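Residues per chain are reported as follows:
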Amino acid sequence: MTSRPTVDPVSLTARDIALDDAVTAHNYHPLPVVIASASGAWVTDVDGRRYLDCLAGYSALNFGHGHPVLLDAAREQLERITLTSRAFHNDRMGPFCRDLADLAGMDLVLPMNTGAEAVETAIKVSRKWGYDVKGVPADQATIIVAEGNFHGRTTTIISFSTDPVARAGFGPFTPGFRIVPYGDAAALGAAIDETTVAVLIEPVQGEAGVQVPPPGYLAEVREMCTAANVLLVADEIQSGLGRTGSTFACELEGVVPDAYVLGKALGGGIVPVSAVVARREVLEVLTPGSHGSTFGGNPLACAVGQAVVGLLQTGEYQARAAELGARMRERLLDLVGDRVTAVRTRGLWAGVDVDPALMSGRELCERLLARGVLAKDTHGSTIRLAPPIVIGQDDLDWMVDQLAESLSS
Ligand SMILES: Cc1ncc(COP(=O)(O)O)c(C=O)c1O
């Protein structure tokens, strides 16, 4: 039988969940835990229980909760100035964008806030590049995307989602996108024509369950894009900034895109910070008034973002994710057999498929919760594991122990 977490009806947890249920829209189905504080890889709930955070805000917390360097950068900036709008310059945006462009080996940065906004920005920039530079006839631009993609929740982005739940009830949808199977370079090549301005792709599909494309796929896509004068836009919002054991997942395949779309960890888990980081020729198509955001490039976001880039410049986090990831992979592969049907990993990031006849991913996450581990299910019978890169090896081993026991109890 399942060990569903029961919430003590007179607990603070029950009180807070009841309030959320009463006053918020029900667009999420959270696990029954109410987090009140955190440090590193561990969080504490309102009733004083501790949990190992193995979701890490979908990789927004790559550097853990309350990283001292990031907190110091935020505190220092909070006391100086937090918002100017882009009507004026501020003294933090330039240094942040310079360092981020340098980290990415690119020329220009366009800072935004959430991931979806950065993806929207990349779509607009790709279309404008198509019209202004490539010479695609007005309003004819097409962008190729992959089945199983997750790029955010705006109306345009869900227009090319293949997840029925993300789309149902939200039409009419934005035209101009072609969907091809993920990992199939020939299918992608066949979809390119003279109207194609960009291929927008996740180098590893996170939301789809940490789906890793076949070796050589991204390199082949790169070659086809170059040959057809099509931009390769890599959505590294979840895969980027250390998670996979390198700064960008594209690097693992020896691929350099024309633009990176970044978010999540760029804000250090403190503020929403996203960006499109691209070659000059790509971002230069924007002119004053053609795109913008009140909060994009604000000094607080830039101070934290620059501190994040500083952490990544050391290379320590990438190396740690690679090392711990190898350990996690080895231990997770031991579980593959009758209860776990498949494990996919890239750095410190894993998708674990549990036998659907045994239990759902949600049920497994509930069992893990009861054992003090926070993880997230996706697509029925998969769970995603993405602990903060600062996790200790003992804690990582403990997490796998809890997973093994949750599967067998
Ligand atoms: C690859 C990818 N792109 C875009 C997004 C959207 O980011 P946000 O939720 O900050 O809008 C996500 C979020 O999970 C993501 O994983």
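Right above here is the structure, for reference.
Because the structure is predicted, anything quoted here is derived from the model rather than measured.

Participant: Please clarify how unusual backbone geometry should be interpreted in this entry.
Facilitator: With glycine set apart, most residues show a phi of negative sign, and most peptide bonds adopt trans. For the peptide bond that leads from Gly-171 to Pro-172, omega is 0°, which places it in the cis range. Note on placement: Pro-172 falls in the loop between α7 (164–167) and β6 (177–180). At Ala-56, a residue that is not glycine, the phi angle is positive and equals roughly 55°. Under the relative-accessibility criterion, Ala-56 is labelled buried at 0%. A positive phi angle, near 40°, is found at Lys-264, a position not held by glycine. Along the chain, Lys-264 turns up in the loop between β9 (259–262) and β10 (274–278).

Participant: Help me understand the sheet that holds strand β12 (residues 350–354), please; the structure alone is not making it clear to me.
Facilitator: For sheets, the rule is that strands pair by backbone hydrogen bonds, running either parallel or antiparallel. As summarised here, the arrangement of the 4 strands in space is β11-β12-β15-β14, forming an open sheet in which the pairing is antiparallel. Single-partner strands in this sheet number two, and they are β11 (340–345) and β14 (376–378). Neighbour-to-neighbour, the strand axes of the sheet open up by a mean angle of 25°, direction not taken into account. Note that β11 and β12 share 5 bridges and pair antiparallel. Bridge pairing in β12 places Thr-345 opposite Ala-350. Along the sheet, helix α13 (residues 316–333) contacts β11, β12 and β15 (382–385); its crossing angle with β11, the most-contacted strand, is approximately 170°. Each of β12, β14 and β15 is contacted by helix α14 (residues 361–370), which is oriented at about 45° to β15, the strand it contacts most.

Participant: Looking at this model, I keep getting lost on the nonpolar core. Mind explaining?
Facilitator: When a protein is soluble and globular, its nonpolar side chains tend to lie buried together. In terms of nonpolar packing, the biggest core is built from 88 residues, with Leu-100, Leu-332 and Leu-385 touching the most fellow members. Per-element tally for this core: the top contributor is helix α12 (residues 299–313), with 9 residues. Formed by 29 residues, the second largest nonpolar core is a distinct cluster that contains Met-112, Ile-143, Ala-278 and Val-285.

Participant: Whenever I open this one, the site of the ligand confuses me. Can you help?
Facilitator: In the region of the ligand, the neighbouring residues are Thr-114, Gly-115, Ala-116, Phe-150, His-151, Gly-152, Glu-202, Asp-235, Ile-237, Gln-238 and Lys-264. At 2.8 Å, a backbone N or O of Ala-116 approaches an oxygen atom of the ligand. The protein chains hide 82% of the 390 Å² of surface that the ligand would expose on its own. Residue composition of the shell around the ligand, grouped by class: 3 nonpolar, 5 polar and 3 charged.

Rules used in this analysis
- Residues numbered from 1 in each chain as written.
- Predicted model: local features only at pLDDT ≥ 70, side-chain atom pairs only at ≥ 80, totals over all residues.
- Heavy atoms only, no water.
- Helix = DSSP H or I, 4+ residues; strand = E, 2+ residues; numbered from the N terminus.
- Buried < 20%, exposed > 50% of the residue type's maximum accessible area, 1.4 Å probe, protein only.
- Pairing = 2+ DSSP bridges.
- Axes fitted to C-alpha atoms, helices over the stretch in contact; angles between N-to-C directions.
- Contact = heavy atoms within 4.5 Å.
- Core = buried A, V, L, I, M, F, W, Y, C linked by side-chain atoms within 4.5 Å.
- Near = heavy atom within 4 Å.
- Polar contact = N/O pair within 3.5 Å; in protein donor to acceptor, adjacent residues only side chain to side chain.
- Areas by Shrake-Rupley, 256 points an atom, 1.4 Å probe, with all protein chains shown as cover.
- Nonpolar A, V, L, I, M, F, W, Y, C, P; charged D, E, K, R; others polar.

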